[in-house]
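As a plain string of letters, each chain reads:
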Amino acid sequence: MDVKKLRLSYTDGVQTKQTTSVKALNHISKSGSNLYSTEEKVELLGRLPAFAPKPVCKFIIDGQTLFGKLEHKQETNLFIRHKFGKKVVKYHIEQLQSVDILKY
């Protein structure tokens, strides 16, 4: 029997969490409405596993629009790789005004 036909979840708890966060990001990027707050979007982006492709996002930080990928998140810091940059830049989470997922 095929797992997809029965709609069973994976038995490994870690795999289920990773699959759930990727599905949530797909839902966020496909729906045009803002169902999630900025903090929830950052939390979902931060929970992506290291091997998953990072989505391209539009960040508004202190009134400036930045395009890039959220590499990882610490307690009060965000590490964003700008769209065509090689360096990861550190920003405080208080500076973040909004996040929109453009391409996943």
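This report concerns the structure included in the present document. As the structure is a prediction and not an experimental result, all values here were calculated from the model. (Residues numbered from 1 in each chain as written. Predicted model: local features only at pLDDT ≥ 70, side-chain atom pairs only at ≥ 80, totals over all residues. Heavy atoms only, no water.)

### Some remarks on the pattern of salt bridges
1) Next: All chains considered together, the criterion is met by four salt bridges.
2) Next: A salt bridge links Glu-43 to Arg-47; the shortest N-O distance between them is 3.9 Å.
3) Next: Close ionic contact of Lys-73 with Glu-43 constitutes a salt bridge, the shortest N to O distance being 3.6 Å. Pair noted here: Lys-73 is in strand E2 (residues 64–73) and Glu-43 is in helix H3 (residues 38–46), with a separation of 30 residues, a long-range link.
4) Next: By relative accessible area, which is 30% here, Lys-73 ends up partly exposed.
5) Next: Judged by relative accessible area, which is 36%, Glu-43 ranks as partly exposed. (Salt bridge = Lys/Arg side-chain N within 4 Å of Asp/Glu carboxyl O. Helix = DSSP H or I, 4+ residues; strand = E, 2+ residues; numbered from the N terminus. Buried < 20%, exposed > 50% of the residue type's maximum accessible area, 1.4 Å probe, protein only.)

### Section: the environment of Pro-55
1) Next: Following the sequence through the fold, Pro-55 ends up in the loop between H3 and strand E1 (56–61).
2) Next: Residue Pro-55 is classed as buried on the basis of its relative accessible area of 2%.
3) Next: Once the C-alpha coordinates of Pro-55 and Lys-69 are considered, the two residues, 14 residues apart in sequence, prove to be 6.1 Å apart.
4) Next: Here Pro-55 is in contact with Leu-45, Leu-48, Gly-68, Lys-69, Ile-101, Lys-103 and Tyr-104, once residues within four sequence places are set aside. (Contact = heavy atoms within 4.5 Å.)

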